There are 2 protein chains.
Amino acid sequence: MAELRLTVSHTGRGNAIECTTPAGAKLQFDGGEGSPSSGATPMQHLLASVGACALMDVGIILTKKRLAFTNLRVECVGTREKKGETNPIMGVKLVFHVDGDVPQKAFDDAVKLSVEKYCSAGATLAKSTPVAFEAIVSNAKHSG
Amino acid sequence: MAELRLTVSHTGRGNAIECTTPAGAKLQFDGGEGSPSSGATPMQHLLASVGACALMDVGIILTKKRLAFTNLRVECVGTREKKGETNPIMGVKLVFHVDGDVPQKAFDDAVKLSVEKYCSAGATLAKSTPVAFEAIVSNAKHSG
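Since this is a predicted model, take the numbers as computed values, not measurements.

Student: Describe in detail the interface of chain A and chain B, supporting the description with residues and values.
Tutor: Many descriptions give the size of an interface as the accessible area lost when the pieces come together. If you look at the interface, chain A gives 70 residues, while chain B gives 70 residues. Summed over both sides, the interface between chain A and chain B buries roughly 6,200 Å², with carbon and sulfur atoms accounting for 69% of that surface. Together, Leu4, His10 and Met56 of chain A form the three largest contributors to the area buried by chain A at its contact with chain B, with a combined 12%. Applying the counting rule to chain A against chain B returns 0 salt bridges. Across the chain A-chain B interface, the total number found is 20 residue pairs in polar contact (both at pLDDT 80 or more). Listing elements by their share of the side of chain A that touches chain B, those giving two or more residues are strand 1 (2–10), strand 2 (17–20), strand 3 (26–29), helix 1 (42–64), strand 4 (70–80), strand 5 (89–99), helix 2 (104–118) and helix 3 (120–126) of chain A. Looking at which element gives the most residues to the side of chain A that touches chain B, the answer is helix 1 of chain A, with 16 residues. Within the side of chain A that touches chain B, the residues separate by chemical class into 36 nonpolar, 22 polar and 12 charged.

Student: Residue-level account of the sheet that holds strand 1 (residues 2–10) of chain B, with values.
Tutor: With mixed pairing, 6 strands are arranged side by side in an open sheet as 6(A)-5(A)-4(A)-1(B)-2(B)-3(B). The sheet is open, and its two borders are formed by strand 6 (131–138) of chain A together with strand 3 (26–29) of chain B, each paired with just one other strand. In this sheet, adjacent strand axes meet at a mean angle of 20° when their direction is disregarded. Sheet topology note: the strand 4 of chain A/strand 1 of chain B ladder contains 8 bridges and is antiparallel. By the bridge assignment, Glu75 of chain A is partnered in strand 1 of chain B with Thr7 of chain B.

Student: Explain the relation of the copies chain A and chain B to me, and be specific about the residues and the numbers.
Tutor: The two copies are related by a screw operation: chain A maps onto chain B through 180° of rotation and 0.0 Å of translation along the axis, at an RMSD of 0.0 Å. Those values place the two copies in the arrangement expected of a two-fold rotation axis.

Student: An account of the domain arrangement of chain A is needed here, citing residue identities and associated values.
Tutor: As far as domains go, chain A holds domain 1 (1–40) and domain 2 (42–138). Its C-alpha centre places domain 1 of chain A at a distance of 23 Å from the equivalent point of domain 2 of chain A.

Student: Lay out the sheet that holds strand 6 (residues 131–138) of chain B in plain terms, naming residues and giving numbers.
Tutor: Strand order in the open sheet made by the 6 strands is 3(A)-2(A)-1(A)-4(B)-5(B)-6(B), with mixed pairing throughout. A single partner strand is all that each edge strand has here, and the edge strands are strand 3 of chain A together with strand 6 of chain B. With direction set aside, neighbouring strand axes in the sheet form an average angle of 20°. Bridge count for strand 1 of chain A against strand 2 of chain A is 3 bridges, and the pairing is antiparallel. In the sheet register, Ser9 of chain A faces strand 2 of chain A, and the bridge partner there is Glu18 of chain A. Of the strands in this sheet, strand 1, strand 2 and strand 3 of chain A together with strand 4 (70–80) and strand 5 (89–99) of chain B are in contact with helix 1 (residues 42–64) of chain B, which crosses strand 1 of chain A at around 35°.

Student: Outline the environment of Val115 of chain A, supporting the account with residue identities and numerical values.
Tutor: Residues and elements named next belong to chain A. Turning to its location among the elements, Val115 is positioned in helix 2. Here Val115 falls in the buried class, since its relative accessible area comes to 12%. Separated by 54 residues in sequence, Val115 and Ile61 place their C-alpha atoms 12 Å apart. Residues contacting Val115, with those up to four places away along its chain left out, are Ala54, Leu94, Phe96, Val131 and Phe133.

Student: I'd love a proper account of the nonpolar core, names of residues and values included.
Tutor: Judged by nonpolar contacts, the single largest core of 87 residues is most densely connected at Leu94, Phe96 and Phe107 of chain A together with Phe96 and Phe107 of chain B. Not counting the four nearest positions on each side in its chain, Leu94 of chain A is found in contact with Val50, Gly51, Ala54, Val74, Glu75, Cys76, Val115, Val131, Ala132, Phe133 and Glu134 of chain A.

Student: With reference to specific residues and values, describe the packing of helix 1 of chain A against helix 1 of chain B.
Tutor: Interaxial distance between helix 1 of chain A and helix 1 of chain B falls to 8 Å at its minimum, and their mutual angle equals 175°. With respect to helix 1 of chain B, the axis of helix 1 of chain A lies roughly antiparallel. Where helix 1 of chain A abuts helix 1 of chain B, its residues Pro42, His45, Leu46, Ser49, Ala52, Cys53 and Met56 of chain A lie against Pro42, His45, Leu46, Ser49, Ala52, Cys53 and Met56 of chain B.

Rules used throughout
- Every chain is numbered on its own, with residues counted from 1 as its sequence reads.
- Chains carry letters from A onward and ligands carry numbers from 1 onward, assigned in written order.
- It should be noted that, the model being predicted, local features are given only for residues of pLDDT at least 70 and side-chain atom pairs only at 80 or more, the latter also being counted only at that level, while totals for whole chains, interfaces and linings use all residues.
- Excluding hydrogens and water, the side-chain values take into account all heavy atoms of the structure.
- We call two residues in contact whenever any of their non-hydrogen atoms come within 4.5 Å of each other.
- By buried area we mean the combined loss of accessible area, with a 1.4 Å probe, across both parts when two parts are placed together.
- By convention in these notes, a salt bridge is any Lys or Arg side-chain nitrogen within 4 Å of a carboxyl oxygen on Asp or Glu.
- In the analysis that follows, any N or O atom pair within 3.5 Å is treated as a polar contact, provided that within protein one partner can donate a hydrogen and the other can accept it, and provided that, for residues neighboring in sequence, both atoms belong to side chains.
- Strands are runs of DSSP state E lasting at least 2 residues, helices are runs of H or I lasting at least 4, and numbering of each runs from the N terminus.
- Lys, Arg, Asp and Glu make up the charged group, whereas Ala, Val, Leu, Ile, Met, Phe, Trp, Tyr, Cys and Pro make up the nonpolar group; the residues left over, Gly among them, are polar.
- Two strands pair under a simple rule: DSSP has to find at least two bridges between them.
- Orientation is described by axes fitted as lines to C-alpha atoms, over the contacting stretch for helices, and by angles from 0 to 180 degrees between their N-to-C directions.
- Superposition of the copies was done by least squares, using only C-alpha atoms of residues whose pLDDT is at least 70 in both.
- Segmentation into domains, and thus their bounds, comes from an automatic or database assignment.
- Think of it in three bands: residues with accessible area under 20% of the maximum for their type are buried, residues over 50% are exposed, and the middle band is partly exposed, with areas taken using a 1.4 Å probe on protein chains only.
- For this analysis, a nonpolar core means a set of buried residues of the types Ala, Val, Leu, Ile, Met, Phe, Trp, Tyr and Cys, connected via side-chain atoms within 4.5 Å.
- With respect to orientation, any angle under 35 degrees is reported as roughly parallel, any angle over 145 as roughly antiparallel, any angle of 65 to 115 as roughly perpendicular, and every other angle as oblique.

What follows is the structure, given as structure tokens:
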């Protein structure tokens, strides 16, 4: 068992909230009822954290396989459902894309390993929130 | 049912990952295997999102009750457990603090309502990850 600790602070400016990690990175949150802010909401941070966690592992696996990639990215879709006053995410779909000379099979394998085996953010949700995925290679060499 | 959509992109610089929300806010992620980065990890974003979501509602409730507050903040503790290659959060503890002339009962009520009734990020996790909480008022008027 290990602990992850953070302090999250209300700024007193509207609904703006900040968190500085022990290493000094700053996270900013905003939104909520009646907020005109363009800040990222907590739910956007939550969804993006799942995509980022899996994407980081995909990048590590492709690099280990010495596969050059560009525009590695993941579209994240969280399906929300009204539950009383809350609006939780009930399912996540991650659609991974990459450009470059990456064989489809290698990309499929990297994505599957990342989501199913290595992603701790996904595993946190997946105890009750299904995380589905798809892997799409756009190979610039073969286009046009 | 509603959908939350985001695209999360690998920068190609180490493990650094970025996400720009539709409204233009930028989220940054880093860390992972062998990274010397001081960037926030996906798991830090995930934990902070739960604290931020509940804290935002606490601020809204206190403001509606016309209770002046300063230093409203929440210490977030995520308990992680090794599960295969992942290290998911298995439980969350949120310890809310506020300074100022906020009655303990009012703060208790605001925190309980926020965590149990209004927090969508907490509700996303709480289907399988218990979210515990505590509320502490440090009233400057009565100290010293």
